[in-house]
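A closer look at the structure
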Amino acid sequence: ANISVAILEMKPQYGWTALQEGIVMGGYLYGYVLSGVIGGAFADRIGGGAILQVGVAGWSLFTILTPFCAPHGIFSVVLCRALMGLFEGLCF
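The notes below deal with the structure included here. Just so you know, these numbers come straight off a predicted model, no measurement behind them.

For the protein chain, the count of helices and strands is 4 helices and 0 strands. Helices (α) and strands (β) of the protein chain occur, in sequence order from the N terminus, as α-α-α-α. Counting only C-alpha atoms and orienting by the principal axes, one finds that the protein chain spans roughly 45 × 20 × 20 Å. Expressed as a percentage of the 92 residues in the protein chain, the buried residues total 34%. When contacts within the protein chain are restricted to residue pairs at least 6 apart in sequence, those whose partners lie at least 24 apart make up 65%. Accessible surface, the protein chain: about 5,500 Å² in total, of which carbon and sulfur atoms supply 72%.

Below, the structure is given as structure tokens:
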């Protein structure tokens, strides 16, 4: 939910169009969709606790990095959001 608030300031600051805003918002989903099954398979092999720790650590890291990626272009923000989704998907 934090990007839905932050994007209100980021969109005019970086000159993003409505399409680019949608791509940034959807970036999270790209990673999240890919990681659900992968996380379950890894949890079966090495344990849910380890996967949860990795997921939360990665998810937190990419949450923190998102505002620092924005000045480097939309691709870096989408990549950061996709990686955030990937790690969060491991947790669920």
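Let us now look at the nonpolar core. Ranked by size, the top nonpolar core spans 16 residues in total, and within it M10, W16, V24, F62 and V77 carry the most contacts. Contributions of two or more residues to this core are made by α1 (2-14), α2 (18-46), α3 (48-69) and α4 (74-91). Among the elements that make up this core, the one with the highest residue count is α4 (6 residues). In this structure, W16 is in contact with I7, M10, K11, V24, I74 and V77, ignoring residues within four places of it in sequence.

Below, the discussion takes up the packing of α2 against α3. At a closest axis distance of 7 Å, the pairing of α2 and α3 adopts a crossing angle of 130 degrees. Put simply, α2 runs oblique to α3. Contacts from G39, F42, A43 and I46 in α2 reach G48, A50 and I51 in α3. When its residues are assigned to classes, the contact of α2 with α3 shows 5 nonpolar, 2 polar and no charged.

According to the stated counting rule, one finds 1 salt bridge in the structure shown. One salt bridge in this structure joins E21 and K11, with 3.2 Å as the shortest N-O distance. With E21 in helix α2 and K11 in helix α1, the pair connects residues that are 10 residues apart, well separated along the chain. K11 sits in the partly exposed class, given a relative accessible area of 27%.

For the structure on display, the rule yields 3 aromatic pairs. Aromatic side chains Y28 and Y32 sit 5.6 Å apart centroid to centroid with 20 degrees between the ring planes, which places their arrangement in the stacked category. One end of the pair, Y28, and the other, Y32, are both in helix α2, 4 residues apart, so they sit about a helical turn from each other. On the basis of relative accessibility, which here comes to 30%, the residue Y32 falls in the partly exposed class.

About the criteria used
Along each chain, numbering runs from 1 in the same order as the chain's sequence is written. Reporting of local features is limited, given that this is a predicted model, to residues whose pLDDT is at least 70; pairs of side-chain atoms are given and counted only at 80 or more, and all residues count toward the totals for whole chains, interfaces and linings. To get the side-chain values, take all heavy atoms of the structure and skip hydrogens and water. Helix numbers and strand numbers start at the N terminus; a helix is a DSSP run of H or I with at least 4 residues, a strand a run of E with at least 2. Partly exposed describes any residue whose relative accessible area lies between the buried limit of under 20% and the exposed limit of over 50%, with all areas from a 1.4 Å probe on protein chains only and scaled to the type maximum. Residues are treated as being in contact if the distance between any of their heavy atoms lies within 4.5 Å. In short, Shrake-Rupley with a 1.4 Å probe defines the accessible areas, and a residue's cover is counted only from the protein chains shown. We define the nonpolar core as a collection of buried residues of types Ala, Val, Leu, Ile, Met, Phe, Trp, Tyr and Cys that are connected through side-chain atoms lying within 4.5 Å of one another. What counts as an axis is a line fitted to C-alpha atoms, over the stretch in contact for a helix, and the angles between N-to-C directions run from 0 to 180 degrees. Angle categories are assigned with fixed cut-offs, so that under 35 degrees is roughly parallel, over 145 is roughly antiparallel, 65 to 115 is roughly perpendicular, and the rest are oblique. Three residue categories are used. Nonpolar comprises Ala, Val, Leu, Ile, Met, Phe, Trp, Tyr, Cys and Pro, charged comprises Asp, Glu, Lys and Arg, and polar comprises the others, including Gly. Salt bridges are counted wherever a side-chain nitrogen of Lys or Arg sits within 4 Å of a carboxyl oxygen of Asp or Glu. Each aromatic pair joins two rings of Phe, Tyr and Trp (for Trp, the six-membered one) with centres within 6.5 Å, and gets the label stacked for planes under 30 degrees apart, edge-to-face for over 60, and tilted for any other angle.

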